[in-house]
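# Coordinate analysis (summary)
Each chain is listed here by its residues.
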Amino acid sequence: MWMKKIFLPLLMLMTFASLPLLAAIDAYQFDDPEKEALYKKLVKELRCTVCQNQDIGDSNAGLAQDLRRKTYEMISAGKDEDYILDYMSQRYGDFVLYRPRLQKNTLLLWIGPFIILIAAVFFLLKFIRRSEDEVPLSESDRAQAEQLLERDK
Amino acid sequence: MKRYLIPLAVFIVLVILLAAGLNNDPKYIPSPFIGKPAPEFDLPLLHQPQQHIKTADLQGQVWLLNVWASWCVSCRAEHEVVKRFVAMNIAPVYGLNYKDKPEDAKGWLNALGNPYKSSLMDIKGDAGIDWGVYGVPETFVMDKKGIVRYKQVGPLTNAIVDEKILPLLQELNAEAD
């Protein structure tokens, strides 16, 4: 019973204490649910360059706020996803895109895992084949092995 | 013997790759502007807000843009370096006063000295976005054709000025208009 008495206030305390840590929330109004969905998608896909390893939707940094505002303004003006991603990468480089595009300098990034997979399958097959090639026991070896097993009984 | 050499070779390659990775500075983001025309702005001056300067107005000369703000702690340390550079009288430095209050910015310059040819006010930070600014202070060097040739993220130091900026400016000043 005493646990319940402590547990509930503790839980409430933790909930409220962590509120300021929740993602930054701006009150942006959208006239169209599709635009709102695009906004939510884009702020998850754009990396905050100040607070690296956070997307701009998660960050409270001043720049992230500005970039959210810019994203909102562009979406409200009817710009599409490609336009906004281009706009950001022209200014902040490919680094802002959490999903790198397929281009010359990201080719290895995209196909690298498949190369490693193919190499792994190749070596695995080689390994399996080699263990199949083992020479069978000769008659005398077999007799000797049986003798040893017999002795241990 | 060979079967032991292969894992060893793989291990060594991995160590080399990881060592190279450790030496990369994750804070350094290659600027997409190098070699491209300086982004447009059309901003009021800090000291004469009725007067504007556009990027095109500055073309035809080698010039620097130093992004600063009175709230930026490392700008304070950098300021002495900027003053030393301007005193050499090699190229004009324009200030981009980034997301600042004009009265704070003026007070900051009054207290620390004003080496800038002019400071442009970017109160909302829109010009900052156009220039890809993400860590104040930042410094850009433009050539006579208005192409961005160098970008410094973070404070300038005397060493950076002497070893990178000055040789570059010598080269740029020698180029034809």
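Definitions and cut-offs
Residues numbered from 1 in each chain as written. Chains lettered and ligands numbered in written order. Predicted model: local features only at pLDDT ≥ 70, side-chain atom pairs only at ≥ 80, totals over all residues. Helix = DSSP H or I, 4+ residues; strand = E, 2+ residues; numbered from the N terminus. Buried ≥ 20, exposed ≤ 12 C-beta atoms within 10 Å, placed from the backbone. Contact = placed C-beta atoms within 7 Å. Pairing = 2+ DSSP bridges. Axes fitted to C-alpha atoms, helices over the stretch in contact; angles between N-to-C directions. Core = buried A, V, L, I, M, F, W, Y, C linked by C-beta atoms within 7 Å. Nonpolar A, V, L, I, M, F, W, Y, C, P; charged D, E, K, R; others polar. Expected span 1.5 Å × (residues − 1). Bend = angle between axes of the 7 residues up to and from the residue. Right-handed = clockwise from strand over helix to strand, strands pointing away. Parallel < 35°, antiparallel > 145°, perpendicular 65-115°, else oblique. Left-handed = near helix turned anticlockwise from the far one by under 90°.

### Topic: the overall build of chain B
Helix and strand counts for chain B stand at five helices and seven strands. Along chain B, from the amino end to the carboxyl end, the secondary structure elements read α-β-β-β-α-β-α-β-α-β-β-α. Its C-alpha atoms give chain B principal-axis dimensions of about 80 × 40 × 30 Å. Taking all 177 residues of chain B together, the buried fraction comes to 34%. Across chain B, the fraction of contacts at a sequence separation of at least 24, relative to all contacts at a separation of at least 6, is 74%.

### Let's talk about the overall build of chain A
Across its full length, chain A carries six helices and zero strands. Beginning at the N terminus, the succession of helices and strands in chain A can be written as α-α-α-α-α-α. Taking the contacts inside chain A whose residues are at least 6 apart along the sequence as the reference set, 43% of them involve residues at least 24 apart.

### Here's the deal with the sheet that holds strand β3 (residues 63-68) of chain B
Residues and elements named next belong to chain B. If you trace the five strands from one edge of the open sheet to the other, you get β5-β4-β3-β6-β7, paired in mixed fashion. Each having just a single partner strand, β5 (119-122) and β7 (148-153) make up the two edges of the open sheet. The sheet shows a mean angle of 20° between the axes of neighbouring strands, direction not considered. As defined by bridge partners, strand β4 (residues 93-98) adjoins β5 across four bridges and the pair is classed as parallel. Within β5, the position partnered with Y98 by the bridge is D122. With respect to the sheet, helix α5 (residues 158-174) is in contact with β6 (138-142) and β7, its orientation differing from that of β7 by roughly 170°.

### Some words on the environment of G35 of chain B
Residues and elements named next belong to chain B. The topology assignment puts G35 in the loop between α1 (2-23) and β1 (42-44). Accessibility expressed as a C-beta count within 10 Å gives 9 for G35, which makes it exposed. Each C-alpha atom, one on G35 and one on I147, is 5.9 Å from the other, the two residues being 112 residues apart in sequence.

### Structural notes on the nonpolar core
Residues L46 of chain A together with V67, Y98, V136 and M142 of chain B are the most contacted members of the largest nonpolar core, which totals 52 residues. Among the elements that take part in this core, β3 of chain B stands out by supplying five residues, more than any other.

### Section: the interface of chain B and chain A
Residue-level contacts link 12 residues of chain B with 13 residues of chain A. The residue inventory of the side of chain B that touches chain A, partitioned by class, reads six nonpolar, four polar and two charged.

### Comments concerning α5 of chain B
Residues and elements named next belong to chain B. Taking 1.5 Å as the rise per residue, α5 with 17 residues should run 24 Å; its terminal C-alpha atoms sit 23 Å apart, in good agreement. Of all the bends found along α5, the most pronounced is centred on I165 and spans about 35°, while P167, a proline, follows it within four residues. When α5 is considered as a whole, its buried residues turn out to be I165, L169 and L172. Looking at the packing, one finds that the buried side of α5 touches β6 and β7.

### Regarding the pairing of β7 of chain B
All names here are of chain B. Across five bridges, the pairing between β6 and β7 is antiparallel. Along β7, the bridge assignment pairs T139 with Q152. Between β6 and the antiparallel strand that follows it, β7, lie five residues; G146 among them carries a positive phi value of about 85°.

### Focus on the pairing of β5 of chain B
Side chains of β5 of chain B alternate between two faces, with S119 and M121 of chain B and L120 and D122 of chain B buried alike. As a crossover connection, the stretch from β4 of chain B through helix α3 (residues 102-112) of chain B into β5 of chain B is right-handed.

### Digging into the packing of helix α2 (residues 33-45) of chain A against helix α3 (residues 62-76) of chain A
Residue and element names in this part refer to chain A. For the pair α2 and α3, interaxial distance at closest approach is 10 Å and the crossing angle is 150°. Taken together, the axes of α2 and α3 are roughly antiparallel relative to one another. Where α2 crosses over α3, the handedness of that crossing is right-handed. Along its contact with α2, which presents K35, L38, Y39, L42 and V43, the element α3 presents R68, T71, Y72 and I75. Split into classes, the residues belonging to the contact of α2 with α3 amount to six nonpolar, one polar and two charged.

### Re the environment of F127 of chain A
As for its placement among the helices and strands, F127 of chain A is situated in helix α5 (residues 107-132). For F127 of chain A and A27 of chain A, which are 100 residues apart along the polypeptide, the C-alpha to C-alpha distance reads 60 Å.

### Some thoughts on unusual backbone geometry
All names here are of chain B. That bond from V136 to P137 is cis: its omega, -5°, falls within 30 degrees of zero. For P137, the location among the structural elements is in the loop between α4 (126-130) and β6. In this structure, N89 takes a positive phi of about 60° despite not being glycine. Position of N89 among the secondary structure elements: in the loop between α2 (73-87) and β4.

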